[in-house]
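# Examining the three-dimensional arrangement
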Amino acid sequence: MKRRTFLTAAASVTAVSGPSPLSAQPAPAIGTLINGSLIDTNVSLSQWPIRHSWAPTPAALVERLKRHGVTSAWTGSFEGVLHTDMSGANARLAESCRKDGVGILIPMGTVNPTFPDWEDDVRRCHEVHGMRGLRLFPNYHGYALDDPQFAQLLAAATRRRLVVQIMLSIEDDRSQNPMLTALPVQAGPLVELMPKITGARVMLLNGGSRVLGGNVSLLQGLVAAGVTFDIATLEGVAGIENLLRRAPGVRTTFGSHSPYFYFESALLKLQESALSQADLEAVRSGNARNLLRS
Amino acid sequence: MNRRTFLTSSTLAAVTAPVRSHAASPLSLVNPPTDPAASAWPSSDLRKLGAWDIHSHVGTPGPNPAKRMEALVKIADRVGVERLCICMSPPWQHEPTPEQFRQSNDDVLAILKEWSSRAFGFVYLNPTHTRESLDELERCVADGPMIGIKLWVGTRANAPVLDPIVKRAAELKALILQHTWIKQRGKGNLPHESTPMELAELSGRHPGVPIVCGHTGGGDWALGIRAIRTRPDLYADLGGGDPVYGEVEMAVRELGAHRVLYGSDVSGRSFASQLGRVVGADISEADKRLILRDNLRGLLLPALRRKGITAE
């Protein structure tokens, strides 16, 4: 049956007819027939303390990502959010990615610049674990992006050519457990800071409605400053398409916030937007790859 | 043809007529076959299924309501959403006056004239204005093409002023969609914003009347599901929150899949993020089919039949 014929026929019976034509077989993995690379820049290991996860083990995480066509996953650890033994958390992250990541999980260690001797955590991430980047949680670690400590950390990471991912929020602040609250990180200070640190490579994760869908002048300022984004919390119909229209030149990457979110929510966003081949490839992998190479 | 006849017949046409080709075809235009994203569903299961969306708003841009709906339908087609329950129209008004909710409903009526093959209308009411709300229910549902009621944040769901509206809805077989959210454990809610707990109170006063718990409490869905668990006439709308893993699984486990509905809360939310939570849930394929389509279809059938539409 031709596609148009099928659609017309299906539509004519949808409301009032019998069973729908969903195939009886289990749904295939979404990305199995997608060609080319897919880099997920927003993946985490370990459990977020108030949620059950679809990936109780690194192996389970990798299996699902692979099944959906992910070729590389930039992976942090939720241990880095609340643990104070940061070097231990980073070592476990690196080991898990090495042991179970089958070349897909790329570890992104965490550094808290309010901790004593945080500089050595940066060194270990880079020199000991061979990490390509860091993942920061300023709102849980007690600093803002206009604090001098953050500027020092960004400069230290930049000297080592590390990508710095800043997770603006982990969960909706309207529904956090009252014993575990953190307001979203304010990204505005990056507009002035980035030009002062030549070569800084910054990616904002979970920008969502506050950055990607919020004040357009802030968004454009961040874009002009060279900040990269991910789509995990990008909302609104045809969200990627609209983002590219609102902020021409925006560099956004595919991020799923897995396994806190359902992975499939991010993947379907690629289908919801009408993107040129070039834009699609940039979101799927090109922008992430370029950030590592820059 | 008088007005009632016209409205009823147009609704009948809406449900029996084929989808207009221009409404269903943009997929092939915007996602050419060479586009990898177009093959993200290699067996097209979602499109074949044709999801029914309990919770959508036509907030897409356009010069008039019908054009805004056209823009929304184009996007819905890309991800396999076939039918949308639409309600309210921008500007969003928390506590609308009767004039304001009538105007909002006029926009939905205008959309239904053009897009009744894809949309079901839910009349927006503010029960604080009880008499006017009942009159509007008559205009848009009893005498018009709409088949449901949308209640937002004008009145708490447990307020007695809702009782006559629920009773009339039951007579008309109109499905009620009541917004709920739990912000900061209820302390952050808007002054008249309902919680699932309050909706459970309302349901207790109206046994046998199906009501959809909009958002099921939002981000604090685990509390929302608990709150409606013992009320068999309450249905969980999954839409409108972040796609946090676990909600669908818990809803199916605690309520049964037959009480769970896919909803998106577009256009503020994404079809994709909300579909993804069902598609990706660790539940059976049969349950996904119920959630994405069959449950809502079953809930709407009484209203459709009331308007003379043969369901099978």
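None of these values were measured; they are calculated from a predicted model. Residue numbers restart at each chain and count upward from 1, following the sequence in its written direction. Here every chain gets a letter starting at A, and every ligand a number starting at 1, in the order they are written. Local features in this predicted model are restricted to residues whose pLDDT is 70 or higher, and side-chain atom pairs enter the listing and the counts only when it is 80 or higher, whereas totals over whole chains, interfaces and linings include all residues.

## Here we look at the overall build of chain A
When helices and strands are tallied, chain A shows 13 helices and eight strands. For every residue, the other C-beta atoms within 10 Å of its own C-beta are counted; 20 or more classify it as buried, 12 or fewer as exposed, and values in between as partly exposed. C-beta atoms are placed from the backbone. The proportion of buried residues among the 294 residues of chain A is 50%. Of the contacts formed within chain A by residues at least 6 apart in sequence, a portion of 77% connects residues at least 24 apart. Secondary structure elements are defined from DSSP: runs of H or I of at least 4 residues count as helices, runs of E of at least 2 residues count as strands, and each element is numbered from the N terminus. Each residue gets a C-beta atom placed from its backbone, and two residues are in contact if those atoms lie within 7 Å.

## Quick word on the overall build of chain B
Broken down by element type, chain B carries 13 helices and eight strands. Sequence-distant contacts, at least 24 apart, represent 74% of the contacts inside chain B between residues at least 6 apart.

## Structural notes on helix α13 (residues 277-293) of chain A
The largest bend in α13 of chain A is about 60 degrees, located at V283 of chain A. Listed as buried for α13 of chain A are L280, A282, V283, R284, S285, N287, A288 and L291 of chain A. Each residue is assigned a bend, namely the angle between axes fitted to the seven residues that terminate at it and the seven residues that start at it.

## With respect to the nonpolar core
Nonpolar cores are built from buried Ala, Val, Leu, Ile, Met, Phe, Trp, Tyr and Cys residues. These are joined into a set through C-beta atoms within 7 Å. L204 of chain A together with I149, I176, A236 and L261 of chain B are the most contacted members of the largest nonpolar core, which has 167 residues in total. Ranked by the residues each element gives to this core, the list is headed by helix α13 (residues 285-306) of chain B, at eight residues. Contacts of I176 of chain B, omitting those with residues within four sequence positions, involve G148, I149, L151, V166, A169, I211 and V212 of chain B.

## Concerning the pairing of strand β2 (residues 81-87) of chain B
Residue and element names in this part refer to chain B. Where burial is concerned, most of β2 is hidden: seven out of the seven residues are buried. Note: strand β1 (residues 51-56) against β2, four bridges, orientation parallel. Within β2, the residue paired with D53 across the bridge is L84. Taking the sense of rotation as the criterion, the β-α-β connection linking β1, helix α5 (residues 65-79) and β2 turns out right-handed. Paired strands, in this sense, are two strands between which DSSP finds at least two bridges. Where β2 lies against strand β3 (residues 119-125), four bridges are found, and the strand directions are parallel. Call a crossover right-handed when, viewed with both strands pointing away from you, the route from the first strand across the helix to the second goes clockwise.

## Considerations on the packing of helix α9 (residues 196-205) of chain B against helix α10 (residues 221-228) of chain B
All names here are of chain B. In contact at an axis separation of 8 Å, α9 and α10 are set at 15 degrees when each is read in the N-to-C sense. With respect to α10, the element α9 is oriented roughly parallel. Where α9 crosses over α10, the handedness of that crossing is right-handed. On α10, the residues touching P196, M197, L199 and A200 of α9 are G224, A227 and I228. Per-class residue counts for the contact of α9 with α10 are six nonpolar, one polar and no charged. Under this scheme, a helix contributes an axis fitted over its contacting stretch, all axes are lines through C-alpha atoms, and angles between N-to-C directions fall in the 0 to 180 degree range. For classification purposes, angles smaller than 35 degrees are called roughly parallel, those larger than 145 roughly antiparallel, those between 65 and 115 roughly perpendicular, and all remaining angles oblique. With the far helix as reference, a near helix turned anticlockwise by less than a right angle produces a left-handed crossing, and one turned clockwise produces a right-handed crossing. Ten residue types, Ala, Val, Leu, Ile, Met, Phe, Trp, Tyr, Cys and Pro, are classed as nonpolar, four, Asp, Glu, Lys and Arg, as charged, and the remainder, Gly among them, as polar.

## Section: the sheet that holds strand β8 (residues 251-253) of chain A
Residue and element names in this part refer to chain A. Ordered in space as β1-β2-β3-β4-β5-β6-β7-β8, the eight strands form an open sheet in which the pairing is parallel. Each edge of the open sheet is held by one strand with a lone partner, namely β1 (39-45) and β8. Between one strand axis and the next, the sheet turns by 30 degrees as a mean value, whatever way the strands run. Pairing analysis gives four bridges linking strand β4 (residues 133-136) to strand β5 (residues 163-167), with the strands arranged parallel. If you follow R135 over to β5, its bridge partner there is Q165.

## Regarding the environment of A303 of chain B
Residue and element names in this part refer to chain B. By the element assignment, A303 lies in helix α13. On the neighbour-count criterion, A303 (20 C-beta atoms within 10 Å) is buried. Ignoring anything within four residues of it in the chain, the contact list for A303 reads I147, G148, K173, A174 and L175.

## Overview of the environment of E272 of chain A
Topologically, E272 of chain A is positioned in helix α12 (residues 263-272). For the pair E272 of chain A and S209 of chain A, spaced 63 residues apart in sequence, the C-alpha separation works out to 18 Å. In this structure E272 of chain A touches V237 and A238 of chain A together with I75, R78, V79, S270, F271 and A272 of chain B, once residues within four positions along its chain are discounted.

## What to know about unusual backbone geometry
All names here are of chain B. In this structure, the amide linkage connecting P90 to the following residue, P91, adopts the cis form with an omega of 5 degrees. In this structure, P91 sits in the loop between β2 and α6 (98-115). Omega for the peptide link from V266 to S267 comes to 10 degrees, which places this bond in the cis form. Among the secondary structure elements, S267 is positioned in the loop between β8 (260-261) and α12 (271-279).

## Here we look at the packing of α5 of chain B against α12 of chain B
Residues and elements named next belong to chain B. The contact between α5 and α12 brings their axes to 10 Å, and the two run at 30 degrees. One element, α5, and the other, α12, form an angle in the roughly parallel class. Regarding α5 and α12, the two cross each other, and that crossing is right-handed. Side by side, α5 and α12 meet where I75, A76 and V79 of the first sit next to F271, A272 and L275 of the second. When grouped by side-chain class, the residues that make up the contact of α5 with α12 number six nonpolar, no polar and no charged.

## Description of the sheet that holds β1 of chain B
All names here are of chain B. Strand order in this open sheet of eight strands is β1-β2-β3-β4-β5-β6-β7-β8, and the pairing throughout is parallel. Unpaired on one side and paired on the other, β1 and β8 mark the two borders of the sheet. Along the sheet, α6 contacts β2 and β3; its crossing angle with β3, the most-contacted strand, is approximately 170 degrees.

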